[in-house]
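# Examination of the molecular architecture
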Amino acid sequence: MHQIKARNLKPLFFLGLRFLFGKPVQNPKAPVHRVRHSAFWGAVLGISVSIVPLYIVLFVSNGMIQGITDRYLETKTGHLQLALPFTLTGETREKLQRDIAGLGGVASASFEVDGIGLAASSRGSTSAQVRGLDQSIMADEGFKKFIQTDGGTIYPEKQNEAVLGRYLARALGVGVGDTVTLITLRDAHEGQMLPRLSIFRVAGIVSSGYRELDANWFIVRSEAALRLLNPSTAYAFIGIKTVDPYGAGLNALASGITDQLSQSGFSGVQGFSLRTWRDIERSLFASFSSTKSVLILIMAIAIIVAAVNLASALTTYVIEHRTEIAILRSFGVSSQQTASIFLLGGAATGTLGCIAGSAVGIFISFYINQILSGIQAAINFVSRLLAPASHPVTLLNPDYYLERIPISINWDYIIIVVGVGIAVSALVSLVPAVKSSRIAPAELIRHGQ
Amino acid sequence: MNEPIIECRDLIKTFSSGAEVLHILDHADFSLEKGKICTILGPSGSGKSTFLAILGSLERFDSGSVRVDGYELQTLQEKSLSVFRRKVVGFVFQFHFLLGDFSALENVALPGYMAGLPRADAWKRATQLLDLVGLRNRAHHYPSQLSGGERQRVAIARALINEPPIVLADEPTGNLDAASSEELRSLLQRLPEAAKTTLVLVTHDSELATIGDTSFLLKGGISNASDKGS
Ligand SMILES: Nc1ncnc2c1ncn2[C@@H]1O[C@H](COP(=O)(O)OP(=O)(O)OP(=O)(O)O)[C@@H](O)[C@H]1O
Ligand SMILES: [Mg+2]
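Below: a short report on this structure. (Residues numbered from 1 in each chain as written. Chains lettered and ligands numbered in written order. Predicted model: local features only at pLDDT ≥ 70, side-chain atom pairs only at ≥ 80, totals over all residues. Heavy atoms only, no water.)

Here we take up the site of ligand 1. Within the structure, ligand 1 sits among 14 residues, and Ser44, Gly45, Lys48, Ser49 and Thr50 of chain B are positioned closest to it. Lying at an intersection of chains, ligand 1 is approached by residues of chains A and B. Within the side chain of Thr50 of chain B, a nitrogen or oxygen atom sits 2.5 Å from an oxygen atom of ligand 1. One nitrogen or oxygen atom from the side chain of Glu171 of chain B is found 3.4 Å from an oxygen atom belonging to ligand 1. Here ligand 1, which alone exposes 640 Å², has 71% of that area covered by the protein. (Near = heavy atom within 4 Å. Polar contact = N/O pair within 3.5 Å; in protein donor to acceptor, adjacent residues only side chain to side chain. Areas by Shrake-Rupley, 256 points an atom, 1.4 Å probe, with all protein chains shown as cover.)

As structure tokens, this is what we get:
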């Protein structure tokens, strides 16, 4: 085995650096007029440019997914859901809710009953997702954190008050203080259904920041929802929040709640079932992760393209410097030594490119919201100049995206990207390395003949 | 009689391009004593450069044996050939082949540094060699700033950095004017004494050929043309 010692590496660095950067510019004794243009910086630039979008996509998609997940968990599904029979009496239910809220690891527990209705105003009508919330929701810090209000309150104080999602209010053309009609279906007798009209005053208009989630929210008090909704189609449950919904403690807590259920004598009773948020929103998160995989794949291809560019830059370098390599070989520099120069050079290029690209990529990701709103403002400014009647542009359509991207810098990603970048650079540098090792010093004998 | 430092027996070298086979060396024998200057003459295309390249292990041969300073070249693998090149021979070509990105001093020091000499030692020895070839004041010039004769003298200094027992020079004055050739000639003549080495010199230059202790003619085989030595 050929051993690589630090002492043997030093001359390689001396040679490699000079090859990569050309001769020094400053030389007081003999000013140099011509400095060879080095392909090195071009290759570094190529790699860093391909790394930057990778970071942006990683951090933005991750931030988006995290932000959307948080909003689902905190404002809608909770971390655990205990489905209840619709017919459970108020006292039993309240006791169960209190018992669960008292369990270790539970942050809050709140009863909710959901169903479908038709909301109507003088301006129009649209389907509505009725959410009957218990007032204990106001003790839920997560809910309060993610619900923003456009006006009014976030929880209806009276039986005949409703809080609407932003886009439902827009569709109905109503504001705080206006009245809306909610039409629900109730069983009459012998399987017949009767529409039931209820009038609500709009007490508030809210948004979770993610339109898909809150577009049709029609929030009423749970007592009102229990009266209005059809027991056969409505869904009653206790939404449970834990301290850490992403940790392993969630399953332990789930079994704690199951124990609590059997203590309370509900074990095996029809209508009770406990699910975690992962079960409830399984398909949503599956689609998130597949979207992310596709994006990462595309970016990985971009990195491979950059690496191939690096390999071809170095290979061109080897071809252009055949004679110099042959000279080295003629005085006894081994093919392993010349190969190492290109291997080290490629790895060094990759390392610099990855570090520079990472710095820029992380910086842009960090300020992505400011950058996007700057670009948006610039586009709107120009388009207003050109066409004063044009609609303002929104870069991130809130129908599909969060209006503000929550970015959290994840060190694991950075380490993986830089590590893979350097490894791939070193790997593709094998091509010029092998090529350089095939250059024979015999070429010098008949040079120019 | 001294043990010869170079000894070739039954050396065969052919080049084949397509169906045509070119016999450059046909059962050639050759031997050379240590510390001498040996000139190799012959018409163009007779294989002088090829023969020199074989002695320096830059070129392989078909059969026969070549022993240079104890190394049996026909038995060596590529890896050992690198060792042979850095320890045993110094090459001077018709073209200077200096590295353009390195100063004269660095060009001279580089083979020593690459061969494992500590940096300070390599640079010190390179300075002494530039002194020997009379270019100490040009140490920090780059090849593009030197004249043809100066470049060739730097190349000679470079060939000596690892203190090789043999220097192989292939028409070192081929590209030079008369004055530079003259300077180079006196330098080469001093070489065996000054650097304790053996010089094998291929040349067309009849003036330069006069410095040889022995002289060989290459034409199919190798014949001893003159012998001023022993
Ligand atoms: N790789 C090769 N393939 C085929 N023929 C070759 C090859 N290298 C050299 N030759 C031929 O071998 C012969 C000897 O070449 P060489 O360069 O050794 O001659 P030379 O004596 O040095 O000539 P000159 O005095 O012109 O330098 C020439 O005819 C040349 O064409
Ligand atoms: Mg020749």
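A full pass over the atoms with the stated rule returns 21 aromatic pairs over all chains. Judged by centre distance (5.5 Å) and plane angle (85 degrees), the rings of Phe14 of chain A and Trp123 of chain B are edge-to-face. Of this pair, Phe14 of chain A sits in helix α1 (residues 6–21) while Trp123 of chain B sits in helix α4 (residues 119–132), on two different chains. The exposure class assigned to Trp123 of chain B is buried, which follows from its relative accessible area of 15%. Between the aromatic rings of Phe93 of chain B and Phe97 of chain B, the centroid separation amounts to 5.3 Å while the plane-to-plane angle is 85 degrees, which identifies the pairing as edge-to-face. On the accessibility criterion, Phe97 of chain B (1% relative accessible area) is buried. Through a chain of ring-to-ring contacts, three or more aromatic side chains come together here, namely Phe14 of chain A together with Phe102, Tyr113 and Trp123 of chain B. Its guanidinium or amino end placed over the ring of Phe111 of chain A, Arg93 of chain A lies 3.9 Å from that ring's centre, counting from NZ or CZ. Taking NZ or CZ as reference, Arg131 of chain A lies 4.7 Å from the ring centre of Trp217 of chain A, over its face. (Phe/Tyr/Trp six-rings, centres within 6.5 Å; stacked < 30°, edge-to-face > 60°. Helix = DSSP H or I, 4+ residues; strand = E, 2+ residues; numbered from the N terminus. Buried < 20%, exposed > 50% of the residue type's maximum accessible area, 1.4 Å probe, protein only. Lys NZ or Arg CZ within 6 Å of the ring centre and 35° of its normal.)

We now examine the pairing of strand β8 (residues 217–221) of chain A. Residues and elements named next belong to chain A. Most of β8 sits out of view: five of its five residues are buried. Pairing analysis gives two bridges linking strand β5 (residues 161–165) to β8, with the strands arranged antiparallel. Bridging across to β8, Val163 finds its partner in Ile219. (Pairing = 2+ DSSP bridges.)

Attention shifts here to the interface of chain B and chain A. Across the boundary between the two partners, chain B contributes 35 residues, which contact 37 residues of chain A. Across the interface of chain B and chain A, roughly 3100 Å² is buried in total on both sides, 60% from carbon and sulfur atoms. By the criterion of area lost to chain A, the three top residues of chain B are Phe97, Asp101 and Met114 of chain B, representing 23% of everything that side buries. Between chain B and chain A we count two salt bridges in total. Linking Glu106 of chain B and Arg18 of chain A is a salt bridge whose minimum nitrogen-to-oxygen distance equals 2.7 Å. The interface formed by chain B and chain A contains five residue pairs in polar contact (both at pLDDT 80 or more). Taken together, the elements giving at least two residues each to the side of chain B that touches chain A come down to α1 (48–55), α2 (78–87), α3 (104–114) and α4 of chain B. Within the side of chain B that touches chain A, the residues separate by chemical class into 15 nonpolar, 10 polar and 10 charged. (Contact = heavy atoms within 4.5 Å. Buried area = accessible area lost by both parts, 1.4 Å probe. Salt bridge = Lys/Arg side-chain N within 4 Å of Asp/Glu carboxyl O. Nonpolar A, V, L, I, M, F, W, Y, C, P; charged D, E, K, R; others polar.)

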